[in-house]
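Close look at the chain arrangement
Below are the chains, spelled out letter by letter.
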Amino acid sequence: MRSRELERLLETADELVEARDRLRRAEELEERIGRERDAERRAPEIAEAAAARRNAIEPIARELEAQWVSQGPLVSQWQRAVELADLAEGSGADATEYRAEVDEARRRVEAARVGTRDQLAQLEGEREKLMDIALEAPFDVPSAAPVHDDSRPEAGRRDALSLMEFADRIEHIAGREQVRAAKAAADAEAERAELGDRDELAARVDELQGGLPEVVEVPSSAPPSASRRLHRAGIRVSNGGS
């Protein structure tokens, strides 16, 4: 193969590589644009859903706070009964009566906390709904802390506040992602427009590829870069003479 023929072949091979890269980049950008526009479109829905769950959790938190306040005297009586029983035992007195008071005070507290279990079950349901929202979001959202198996209303209230903060976090992330996705999509669309029509790019790739041989015999006098350039275009190379 003459050097002039080889040079034309190399130029065509380089153009094919560039055309393939442009086509591949165009396809990548179209996929990115689709993802970013989907994220931009769905972000307000995600934020609205999270806000609705926060509003649903707020009255549960208030109820748990009310239970915490109402159960406070019962818990204080229980603690006082335990202290008196311990003092009686420590002084060597008969603590039977005091221990009976401890048991009765404990039962009153446990009976009052039965209702708290209902709120904990509601919180667990709200957490599952929030996690569904987070998992369905077209962007990354951290997981919510679990609802603890703790019948104390103050513990449940902490969990409720944590879930409300989680809902706020989802809403904040959704708002941030909407802005980010809109800009990313616009940037990708601008770059995509510079690459030209995809059908035309694909047609040019087919045209260039059809005009190249599958195997080329490269003369030994050719520079090493010649074989590399042909390989990049998908052309097999055999070594020839001078």
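Cut-offs applied
Along each chain, numbering runs from 1 in the same order as the chain's sequence is written. Reporting of local features is limited, given that this is a predicted model, to residues whose pLDDT is at least 70; pairs of side-chain atoms are given and counted only at 80 or more, and all residues count toward the totals for whole chains, interfaces and linings. Calculated side-chain values reflect all of the structure's heavy atoms, with hydrogen atoms and water omitted. Helix and strand assignments follow DSSP, with helices taken as H or I runs no shorter than four residues and strands as E runs no shorter than two, numbered in order from the N terminus. The globule rule is 2.2 Å times the number of residues to the power 0.38, and the radius of gyration it is compared with is taken over C-alpha atoms. Only buried Ala, Val, Leu, Ile, Met, Phe, Trp, Tyr and Cys residues count toward a nonpolar core, and they belong to the same one when joined by side-chain atoms within 4.5 Å. When a residue's accessible area, from a 1.4 Å probe over protein chains only, is under 20% of the maximum for its type it is buried; when over 50% it is exposed; and in between it is partly exposed. Residues count as neighbours in contact if any of their non-hydrogen atoms are within 4.5 Å of one another. A fitted line through C-alpha atoms serves as each axis, taken over the contacting stretch for helices, and the angle formed by two N-to-C directions is quoted from 0 to 180°. Here roughly perpendicular refers to angles of 65 to 115 degrees, roughly parallel to angles under 35, roughly antiparallel to angles over 145, and oblique to all remaining angles. Each crossing gets its hand from how the near helix is turned against the far one by less than a right angle, where anticlockwise is left-handed and clockwise is right-handed. Take the residue count of a helix, subtract one, and multiply by 1.5 Å to get its expected span. We define the bend at each residue as the angle formed by axes fitted to the 7 residues ending at it and the 7 residues starting at it. Every case where a carboxyl oxygen of Asp or Glu lies within 4 Å of a side-chain nitrogen of Lys or Arg is listed as a salt bridge. Two strands pair under a simple rule: DSSP has to find at least two bridges between them. By convention a crossover is right-handed if, when the strands point away from the viewer, the path from the first strand over the helix to the second runs clockwise. The predictor reports its confidence for every residue as pLDDT, a score running from 0 up to 100.

**So, the overall build of the chain**
Summing up its helical and strand segments, the chain has five helices and two strands in all. In the chain, the succession of helices and strands from N to C terminus is α-α-α-α-β-α-β. Relative to the 2.2 N^0.38 estimate, which gives 18 Å for 242 residues, the radius of gyration of the chain is 36 Å and therefore markedly larger than a compact globule would have. In terms of overall dimensions, the chain has C-alpha extents of about 115 × 40 × 20 Å along its principal axes.

**Points about the nonpolar core**
The nonpolar side chains of a soluble globular protein tend to be buried, and buried together. L123, L130, F139, F166 and I170 are the most contacted members of the largest nonpolar core, which has 27 residues in total. Apart from the residues within four sequence positions on either side, L123 is in contact with I57, I60, L64, V147, G156, D159, A160 and L163. Formed by 24 residues, the second largest nonpolar core is a distinct cluster that contains L6, V17, L23 and I235.

**Structural notes on the packing of helix α1 (residues 3-90) against helix α3 (residues 153-195)**
Between α1 and α3, the shortest axis-to-axis distance is 6 Å and the interhelical angle comes to 165 degrees. Judged on the interaxial angle alone, α3 and α1 are roughly antiparallel. Every pair of crossing elements has a handedness; the one defined by α1 and α3 is left-handed.

**Observations concerning α1**
For α1, built from 88 residues, the straight-helix expectation of 130 Å at 1.5 Å per residue is missed by more than 12%, its first-to-last C-alpha distance being only 108 Å. Along α1, the helix axis deviates most sharply at Q71, where the bend reaches about 40 degrees; the proline P73 sits within four residues downstream.

**A closer look at the environment of R25**
Position of R25 among the secondary structure elements: in helix α1. Remark: the alpha-carbon pair of R25 and L195, spanning 170 residues in sequence, is separated by 8.4 Å. Among residues more than four places away in sequence, those in contact with R25 are R32, E191 and L195.

**What about the packing of α1 against helix α5 (residues 224-232)?**
For the pair α1 and α5, interaxial distance at closest approach is 8 Å and the crossing angle is 40 degrees. Here α5 runs oblique to α1, going by the angle between their axes. Where α1 crosses over α5, the two elements pack in a sense that is left-handed. Residues E7, L9, L10, E11, A13, D14, V17 and R20 of α1 form the contact with α5, whose own contacting residues are A226, R229, L230 and R232.

**What to know about the pattern of salt bridges**
Under the definition given, this model contains 23 salt bridges. D38 is the partner of R41 in a salt bridge, and the nearest nitrogen-oxygen pair spans 2.6 Å. Placement of the pair is R41 and D38 together in helix α1, with a separation of three residues, close to one helical turn. On the basis of relative accessible area, D38 is assigned to the partly exposed category, the value being 24%. Taken together, the salt bridges that share partners define one network made up of R54, E58, R62 and D168.

**Section: the pairing of strand β1 (residues 215-218)**
The side chains of a regular strand alternate between the sheet's two faces. Because side chains alternate across β1, one face comprises the buried residues V216 and V218, and the other comprises V215 and E217, none of which is buried. Pairing of β1 with strand β2 (residues 236-239) involves four bridges; the strand directions are parallel. Residue pairing across strands places E217 opposite S238, the latter belonging to β2. Considered for its hand, the β-α-β crossover made up of β1, α5 and β2 is right-handed.

**Observations regarding the confidence of the model for the chain**
Parts of the prediction with low pLDDT should not have their coordinates interpreted in detail. Mean pLDDT over the chain: 89, with 98% of residues reaching 70 or higher. The lowest-confidence element of the chain is β2, averaging 84 in pLDDT; the highest-confidence one is α3, averaging 96.

**Points about the side chain of E126**
Among the structural elements, E126 can be located in helix α2 (residues 96-136). Residue class for E126 comes out buried when judged on its relative accessible area of 8%. Not counting residues within four places of it along the chain, the set of residues in contact with E126 comprises R53, A56, I57 and I60.

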